[in-house]
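Examining the three-dimensional arrangement
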Amino acid sequence: MKKIIAVLLACALVLPCFAAKKKGTKVGVSMPTKDLQRWNQDGANMKAQLEKAGYVVDLQYANNDIATQVSQIENMITGKCNVLVVASIDGSALKNALDGAKKKRIPVIAYDRLIMNTNSVSYYATFDNYKVGTIQGEYLVDKLNLKNRTKSDPAYIEFFTGSPDDNNINFFFGGAMDTLKPYLDSGVLVCRSGQTSKAQCATLNWSTEEGQKRMENLITSNGYGPRGTKLDAVYSSNDSVAMGITNALVAAGYTKANFPIVTGQDCDIGSVKNMLKGTQAMSVFKDTRTLAEKVVGMVDALLQGTKPEINDTKTYDNGKGIVPSYLCDPVYADVSNYKALLVDSGLLHRSSA
Ligand code: BGC
């Protein structure tokens, strides 16, 4: 009993001490853009959870403009932020700005996207990005029945990934391609355009418009259409690019009855609506509330001088060494489970999806 009282007393003395130390402690949160739904959600979650934990938050969105993000980060450093949380636009463009943070001993957490070629990043919090790619790839193996197909009756596919300056595409595209390559090699899966390299399939800034343009070009040059050349599936690494692909396929005359299988990621509202309409087959749900929770835990630990929780010390090399990481779990999503994932979990209101 005495021991319990002693522990309680110690806590009572230490906790207010930590709370007092946190009062006014400032965290800078740099997000790439407000244009895509996911980053608005990420920014809002991070701000809410950090404020709940007692921090003052400087949240900035950089409008997908690298120079804007650099200057926002510089302002966070001069504005005396104690920790920086950064989701980069171009993972290789922040070295100088973050070296400035290191000089002032401000720890930097890379948020969702790894920041490359600098040793000024302390930790990385993200999802298992390779698993995202394998979930998408395995879905295609299953739905295209690739295990039972023969070369005389192959399935036809085109490939799209995201921004070449985002390290995540190595994992999304890599995971999907590792899963699908055996079938491309054996000829039961065919990409008529021959565009299967990461560079050929990249979509700058994950732009819907760029995705749509490339899909329109593929439709024209290969003659794809419900009454034209056969197209069974389009691999897309995420929802913003899938949206462009779907727009082009709808314009080419495809309907729910004959729509090629389009993959995605993020469960953007627009893509959930397309899943309900039958113009996108699946997505991958990444609960950004969990990611925010993990990052707040990292911020707490860094400010208390303890070790943040990590679960991966092998995967993410940023060119200067491995960055210790926490990987959250991505989950397969389609019309059968989107309600449980998005609505019942309290993320969206029933009217929005
Ligand atoms: C994120 C994806 C997102 C994409 C475009 C990636 O870095 O991991 O969730 O779809 O950026 O914003």
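This report concerns the structure included in the present document. Fair warning: this is a prediction, and the values are worked out from it, not measured in the lab. (Residues numbered from 1 in each chain as written. Predicted model: local features only at pLDDT ≥ 70, side-chain atom pairs only at ≥ 80, totals over all residues. Heavy atoms only, no water.)

Section: the packing of aromatic side chains
Tallied over the entire structure, the rule returns seven aromatic pairs. Pairing Y139 with Y332 gives two aromatic rings, centres 5.7 Å apart and planes at 35 degrees, and the pair type is tilted. Of the two residues, Y139 is situated in helix 5 (residues 129-143) and Y332 in strand 12 (residues 331-333); the sequence distance between them amounts to 193 residues. Residue class for Y332 comes out partly exposed when judged on its relative accessible area of 27%. Seen from their ring centres, F159 and Y235 are 6.2 Å apart, and the 45 degrees between their planes marks the pair as tilted. Here the residue F159 occupies a position in strand 6 (residues 155-160), and Y235 occupies one in strand 8 (residues 233-236), the gap between them amounting to 76 residues. Classification of Y235 by relative accessible area gives buried; the value is 0%. An aromatic cluster of three or more residues is present, and its members are Y124, F171 and Y316. The aromatic ring of W39 is capped on one face by R38, whose charged end is 4.3 Å from the ring centroid. (Phe/Tyr/Trp six-rings, centres within 6.5 Å; stacked < 30°, edge-to-face > 60°. Helix = DSSP H or I, 4+ residues; strand = E, 2+ residues; numbered from the N terminus. Buried < 20%, exposed > 50% of the residue type's maximum accessible area, 1.4 Å probe, protein only. Lys NZ or Arg CZ within 6 Å of the ring centre and 35° of its normal.)

A word on the site of the ligand
Close contacts around the ligand come from 13 residues, with D112, R113, D166, N238 and D266 the closest. Between the ligand and K286 there is a distance of 3.0 Å, counted from an oxygen atom to a side-chain nitrogen or oxygen. Tallied by class, the residues present in the shell around the ligand amount to four nonpolar, three polar and six charged. Residue contributions to the shell around the ligand reach at least three from each of two domains, namely domain 1 (21-121 + 288-328) and domain 2 (129-285). (Near = heavy atom within 4 Å. Polar contact = N/O pair within 3.5 Å; in protein donor to acceptor, adjacent residues only side chain to side chain. Nonpolar A, V, L, I, M, F, W, Y, C, P; charged D, E, K, R; others polar. Domains from an automatic or database assignment.)

Describing the nonpolar core
By size, the foremost hydrophobic cluster in this structure holds 68 residues, and its most contacted members are M215 and L249. Broken down by element, the residue count for this core peaks at seven residues, all from helix 6 (residues 168-186). Two domains share this core, each providing at least three of its residues, namely domain 1 (21-121 + 288-328) and domain 2 (129-285). (Core = buried A, V, L, I, M, F, W, Y, C linked by side-chain atoms within 4.5 Å.)

Things to note about unusual backbone geometry
The backbone of N63 shows a phi angle near 55 degrees, a positive value even though the residue is not glycine. If you trace the backbone, N63 turns up in the loop between strand 2 (56-61) and helix 3 (66-78). Using a relative accessible area of 56% as the deciding quantity, one classes N63 as exposed. Of note in this structure, N64 is not a glycine but carries a positive phi near 55 degrees. With respect to the secondary-structure elements, N64 resides in the loop between strand 2 and helix 3.

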